[in-house]
Amino acid sequence: MIHNRQQRSSMFTGLLLILLGVIFLLDRFDPSLGIGRLIRLYWPGLLILWGLAKLIDHLAARRTGQDRAPILSGSEAALLILLAVILSAFTFRDWIRVHYPNLDVELPPFHQTYSRSEDLAPRTISAGARVSIETARGDITVDGEEGNDLRVSVTKSAPASTDAAAGERMKDVTVVIEPVGDGYRIYPARQDDFRGRVSVGLEVHLPKTASVVAHTASGNIAATGIAGNMDVRAEHGDVVIHDAGADVTAALQRGDARILGVAGNVGLTGQGDDVEIADVAGDATVDGAFIGSIRVRNVAKTTRYTLRYGLRRLPWSEVSVTHLTGRLELDAGDLALSGVTGAAKVVTHNKDIDVENVAGRLDIANVHGDIKVAFATPPRADVNITNDAGAVDLTLPAESSFDVSAVSRSGAVESDFGDRSLTTANEGDTERFHGHFGAKLGAPAITIATSYGTIHLRKPR
Amino acid sequence: MADRITSRCPCACCRVRGLMGPLILIALGAIFLADQFTRFTFGDLWPILLIVAGAVKCAASLSSRTGHAGV
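Residues numbered from 1 in each chain as written. Chains lettered and ligands numbered in written order. Predicted model: local features only at pLDDT ≥ 70, side-chain atom pairs only at ≥ 80, totals over all residues. Heavy atoms only, no water.

Draft legend 1. Layout of the overall build of chain B. Along the backbone of chain B there are 4 helices and 0 strands. Ordering the α and β elements of chain B from the N terminus gives α-α-α-α. Burial analysis of chain B (71 residues in total) assigns 34% to the buried set. Pairs at least 24 apart in sequence give 69% of the contacts found in chain B among residues at least 6 apart. Here chain B has roughly 4100 Å² of accessible surface; of this, 70% comes from carbon and sulfur atoms. (Helix = DSSP H or I, 4+ residues; strand = E, 2+ residues; numbered from the N terminus. Buried < 20%, exposed > 50% of the residue type's maximum accessible area, 1.4 Å probe, protein only. Contact = heavy atoms within 4.5 Å. Areas by Shrake-Rupley, 256 points an atom, 1.4 Å probe, with all protein chains shown as cover.)

Below, the structure is given as structure tokens:
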């Protein structure tokens, strides 16, 4: 019979189609499964499936006496390539989701974000209660108010294809206010559904005497008028705090921080971009990898800025200033400091440094960059400047008195100040300028060392 | 490969393959109904079409071609 000589069609194509369907379905109904990870682990199963399908084909062909199908036909190869592309897309998407959890992979035009708002029933809480506010995704706003009311407004939003579908996703998400110990915990329950994470924004009005802990894994935190301690953590978002009556600690993973008006201490850690801190009655400490522009104004006690990068986490730049009445500004290439009634210490790399009017002891150590220091009134405390590969420019009032020792290797020392006791000496390519100027009593020591740059002692013009 | 398939071919394989169109239409209708009346959308359920097509192909490849009318 001629028909017996025909090739059978393989069942491999059918199995591949079923597999593809099951993967798409599973991905929709249980995102927590992490299809991408499963594919990465179990892809060799595809080879087994291929072999099994061909084995069944072979046995069936033997039974019916027909030729068996080829090991891989053209259409099967095409389908296999398509499958490989789709499986790698899943793997890549899940990788993105793990590393950037806030990116919406479902994007317009098929999906857009719909929102719902609701107010929870207000309740009265005791003065000085500790209120902890958490959301895995969404903004947190905290307002301190008179009275003893705790009021919470909730804004849920989720990407979906229709408003109704979004509503369906948000239906089960409820925000819980739970008494714990000496305070309350406010958090959304069932925020993760079968299609991902619903964003839950919390706007909390509470008695200003409360102390607040706020944490959002993705979103901004804004707090105003809290008299108690504040501890905020925003992993992907900005932090803005106004009028804090006690200590503020903030931890960021990326984003900006603005902390203005704090009666206690400010502590900022983590990493991010721009930082603005102003009007602090206690200490202000910034420690971490904040790599944008740093602006600090008016800190009554000590200002500390430490920049750490990378795995070693050793400080790359350190600035420490007591009684900052003026401002401290840093960005990638520049550091400006002015108006300090206490001491200042600056240790940096690759920065152009501009320092004005430091009343206390001034220490600067830098590498690669120009340093400019100016005093409007005669310095009363020691000045110590070390640079490597850069110029140093020091401006002092004409009536200043000081003991100076300035050394430039492969450079020169120039001085507008002249006196019999001031001498210049050259040893090889090193120029040394030292001696005394003005009144003997209480004259501060000025020590400057650099290389490959000119040291300039100036009088104001 | 001269695998011409006509609706008149009496072999089991071709009869199963003939089910492909109707079954996909039925699945399509069921999915749109589910879209209308349940929380599941077409976007959730469309892979069912792939599974139906794959199942029919598997069944066809396993059924006998004895009496196949194509040449």
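Draft legend 2. How the structure looks around helix α4 (residues 47-62) of chain B. With 16 residues, α4(B) extends 23 Å from end C-alpha to end C-alpha; this agrees with the ideal 22 Å at 1.5 Å per step. Where α4(B) is concerned, the buried positions are Pro47(B), Leu49(B), Leu50(B), Val52(B), Ala53(B), Gly54(B), Val56(B), Cys58(B), Ala60(B) and Ser61(B). Those residues of α4(B) hidden inside the fold are in contact with α1 (12-29) of chain A together with α1 (12-18), α2 (20-37) and α3 (42-45) of chain B. (Expected span 1.5 Å × (residues − 1).)

Draft legend 3. The arrangement of the pairing of strand β4 (residues 140-145) of chain A in detail. All names here are of chain A. Sheet analysis places β4 next to strand β10 (residues 199-207), joined by 6 bridges and oriented parallel. Of the residues in β10, the one forming a bridge with Glu145 is Pro207. With 4 bridges connecting them, β4 and strand β12 (residues 221-226) associate as parallel partners. Bridge pairing links Ile140 to Ile221 in β12. (Pairing = 2+ DSSP bridges.)

Draft legend 4. Main features of the nonpolar core. Residue and element names in this part refer to chain A. Membership of the largest hydrophobic core comes to 92 residues, with the highest contact counts inside it found for Ile186 and Leu337. Ignoring sequence-local partners within four residues, the contact set of Ile186 consists of Val131, Ser132, Ile133, Glu134, Leu150, Val152, Val175, Val176, Ile177, Leu202 and Val204. Ranked by size, the runner-up nonpolar core spans 18 residues in total, among them Ile23, Ile39, Leu79 and Phe90. (Core = buried A, V, L, I, M, F, W, Y, C linked by side-chain atoms within 4.5 Å.)

Draft legend 5. Main features of the packing of α2(B) against α4(B). Residue and element names in this part refer to chain B. With their axes 10 Å apart at the nearest point, α2 and α4 run at an angle of 160° to one another. Between α2 and α4, the angle falls in the class roughly antiparallel. Handedness of the α2/α4 crossing: right-handed. Between α2, through Met20, Leu23, Ile24, Ala27, Leu28 and Ile31, and α4, the contact on the second element is made entirely by Ile48, Leu49, Val52, Ala53, Val56 and Lys57. Looking at the contact of α2 with α4, its residues break down into 11 nonpolar, no polar and 1 charged. (Axes fitted to C-alpha atoms, helices over the stretch in contact; angles between N-to-C directions. Parallel < 35°, antiparallel > 145°, perpendicular 65-115°, else oblique. Left-handed = near helix turned anticlockwise from the far one by under 90°. Nonpolar A, V, L, I, M, F, W, Y, C, P; charged D, E, K, R; others polar.)

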